Amino acid sequence: MYFKNKCPICNHEYDAMEPKCPNCNEINNRNIDATRYPKSIVFPFWKQLLLFFTGWAGFQIIAYLVMYLARLFTSDEAILSAIINFGSYFILGIAMSFILWKDWKKIFNSFKGWRTYVFGLAGLGAIFVFSNFWSIIIQLLQIDVSDNINQSSVVNLVVTYPLLSIIVIGIIGPLCEELAYRAGLFSFLKRINSIFAYVISALIFALIHFDFNSIIVGFETSNWSILINELINLPPYVFAGLTFTFLFEKFGFGCGLFAHILNNVYSIFATLLLNFIEKLSGIS
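Caption draft 1: Just the overall build of the protein chain, in detail. Looking only at helices and strands, the protein chain features 12 helices and two strands. Mapped from its N terminus to its C terminus, the protein chain presents α and β elements in the order β-β-α-α-α-α-α-α-α-α-α-α-α-α. Expected size for 284 residues packed as a compact globule is a radius of gyration near 19 Å; at 21 Å, the protein chain falls within 12% of this value. Taken over the C-alpha atoms alone, the protein chain extends approximately 75 × 50 × 40 Å along its principal axes. Here the protein chain, with 284 residues, has 43% of them falling under the buried criterion. Considering only residue pairs separated by 6 or more positions, the protein chain has 70% of its internal contacts joining residues 24 or more positions apart. Taken as a whole, the protein chain presents about 15700 Å² of accessible surface, with 69% of it coming from carbon and sulfur. Computed over 18 positive and 17 negative side-chain charges, the inter-centroid distance for the protein chain is 16 Å.

Right, here's the structure in full:
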């Protein structure tokens, strides 16, 4: 297990993911990745787990509490959806800020250097190419598919609350997800095995955008079209998860987050532009 390392020079025991001994600065030869990827952020294993469970389970708990409180004041489903999504991410962002109270310098330093932005843009390009490639395959196979439940709800929020969407969905959301699934889950699983970490973290990242109610609906009604639609929409999320993880590992937290923010902000502006064009078409 890739958790503890003992310095051969001073016998100091420290985190095996650290690039060098914090006591005498002897290079940690056990961690080859540390010298290969100098912008990697190293957190203690307990903090990596805390980030993941806060971002995953914590978000579910926060969303439930926000929903419960919001229902005391309004029954309007559109307003409820906005309060739950925006409010939950705001609270989650604050919670993660406290967890990383002493670590923000590491995070800010990961944004230094041109590679962060050049490879972040390249990552966005790769996601864009794969998404279009996947769309072409679906069209060639003549599969009738629509946006999944997650994407549809996001579109409604973006159209109704564009500025809040840019702040929360475009910036706060990606920050929380990168902390939870890259700095948290991936980094922890990498202590065990790198390939295992890539696969599991990318799948879990994709599945947080998956509507599991579609499975229940399928069993209750024998109508599996919603589930099939969700599954068809899953591969682009898996690919995005792999891309963000690759950028995080190779070029640092800042690079993965930059690509993630670009991806979400691009989607927001594309949604707003399409909605504007549809309105113009309706007027004409």
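Text resumes after the structure shown.
Caption draft 2: Spotlight on a nonpolar patch on the surface. A surface patch of nonpolar side chains, about 850 Å² in accessible area, is lined by I61, Y64, L65, Y68, L69, L72 and F73. One can find Y68 in helix α2 (residues 45-70). The exposure class assigned to Y68 is exposed, which follows from its relative accessible area of 52%.

Caption draft 3: Quick peek at the packing of aromatic side chains. For the coordinates displayed, the defined rule picks out 22 aromatic pairs. Aromatic pair F86 and Y161: ring centres 6.0 Å apart, planes at 90°, arrangement edge-to-face. You can see F86 sitting in helix α3 (residues 77-99) and its partner Y161 sitting in the loop between α6 (149-160) and α7 (162-190), a full 75 residues away along the chain. Classification of F86 by relative accessible area gives buried; the value is 5%. Ring centres of Y117 and F258 lie 5.0 Å apart, and the angle between their planes is 80°; on these two criteria the pair is classed as edge-to-face. With Y117 in helix α5 (residues 114-140) and F258 in helix α12 (residues 253-283), the pair connects residues that are 141 residues apart, well separated along the chain. Through a chain of ring-to-ring contacts, the aromatic side chains of F52, F53, W56, Y181, F205 and F244 assemble into a single cluster.

Caption draft 4: Summary view of unusual backbone geometry. Of note, S222 is a non-glycine position whose phi angle comes to about 60°, a positive value. One can find S222 in the loop between α9 (213-221) and α10 (225-232). Owing to a relative accessible area of 58%, S222 belongs among the exposed residues under this scheme.

Caption draft 5: Representation of α3 in the model. Here α3 spans 33 Å end to end across 23 residues, near enough to the 33 Å set by a 1.5 Å rise per residue. Looking only at α3, the buried set comprises L80, A82, I84, F86, S88, Y89, L92, G93, M96 and I99. For α3, the N-terminal cap is D76; the gap from its side-chain oxygen to the backbone nitrogen of A78 is 2.9 Å.

Caption draft 6: Spatial organisation of the pattern of salt bridges. Applying the stated criterion across every chain yields a total of six salt bridges. The partner of E249 in a salt bridge is K250, with the nearest N and O atoms 3.3 Å apart. What makes E249 buried here is its relative accessible area of 3%. Looking at K250, the relative accessible area reads 24%, which means it is partly exposed. Through salt bridges with shared partners, a single ionic network connects K190, E249 and K250.

Caption draft 7: Quick peek at the environment of F186. Structurally, F186 can be placed in helix α7. Given a relative accessible area of 1%, F186 falls into the buried group. Residues contacting F186, with those up to four places away along its chain left out, are Y181, S194, A197, Y198, S201, T245, F248 and E249.

Caption draft 8: Highlighting the nonpolar core. Counting residues in each nonpolar core, the largest one holds 45 residues, and the members touching the most others are L100, L179 and F253. No other element matches the 12 residues that α7 contributes to this core. Residues F210, L227, L234 and V238 belong to the second largest nonpolar core, which totals six residues.

Caption draft 9: Inspection of the state of the cysteines at higher detail. One pass over the structure, following the stated rule, counts zero disulfides. Summary of cysteine pairing: C176 is not part of a disulfide, and the nearest cysteine sulfur, belonging to C255, is at 19 Å. Residue C255 is classed as buried on the basis of its relative accessible area, which comes to 0%.

Caption draft 10: Spotlight on the environment of W134. Along the chain, W134 turns up in helix α5. Overall, the relative accessible area of 24% leaves W134 in the partly exposed class. When the C-alpha atoms of W134 and S225 are compared, they prove to be 19 Å apart, with 91 residues separating the residues in sequence. Separated by 2.8 Å, the side chain of W134 and the backbone oxygen of I232 make a polar contact.

The rules behind these values
- Residues numbered from 1 in each chain as written.
- Predicted model: local features only at pLDDT ≥ 70, side-chain atom pairs only at ≥ 80, totals over all residues.
- Heavy atoms only, no water.
- Helix = DSSP H or I, 4+ residues; strand = E, 2+ residues; numbered from the N terminus.
- Rg over C-alpha atoms; globule rule 2.2 N^0.38 Å.
- Buried < 20%, exposed > 50% of the residue type's maximum accessible area, 1.4 Å probe, protein only.
- Contact = heavy atoms within 4.5 Å.
- Areas by Shrake-Rupley, 256 points an atom, 1.4 Å probe, with all protein chains shown as cover.
- Lys, Arg positive; Asp, Glu negative; His and termini not counted.
- Charge placed at Lys NZ, Arg CZ, Asp CG, Glu CD.
- Patch = residues over 30% accessible without salt bridge, like charges linked within 9 Å, V, L, I, M, F, W, Y side chains within 5 Å.
- Salt bridge = Lys/Arg side-chain N within 4 Å of Asp/Glu carboxyl O.
- Phe/Tyr/Trp six-rings, centres within 6.5 Å; stacked < 30°, edge-to-face > 60°.
- Expected span 1.5 Å × (residues − 1).
- Polar contact = N/O pair within 3.5 Å; in protein donor to acceptor, adjacent residues only side chain to side chain.
- Core = buried A, V, L, I, M, F, W, Y, C linked by side-chain atoms within 4.5 Å.
- Disulfide = S-S within 2.5 Å.

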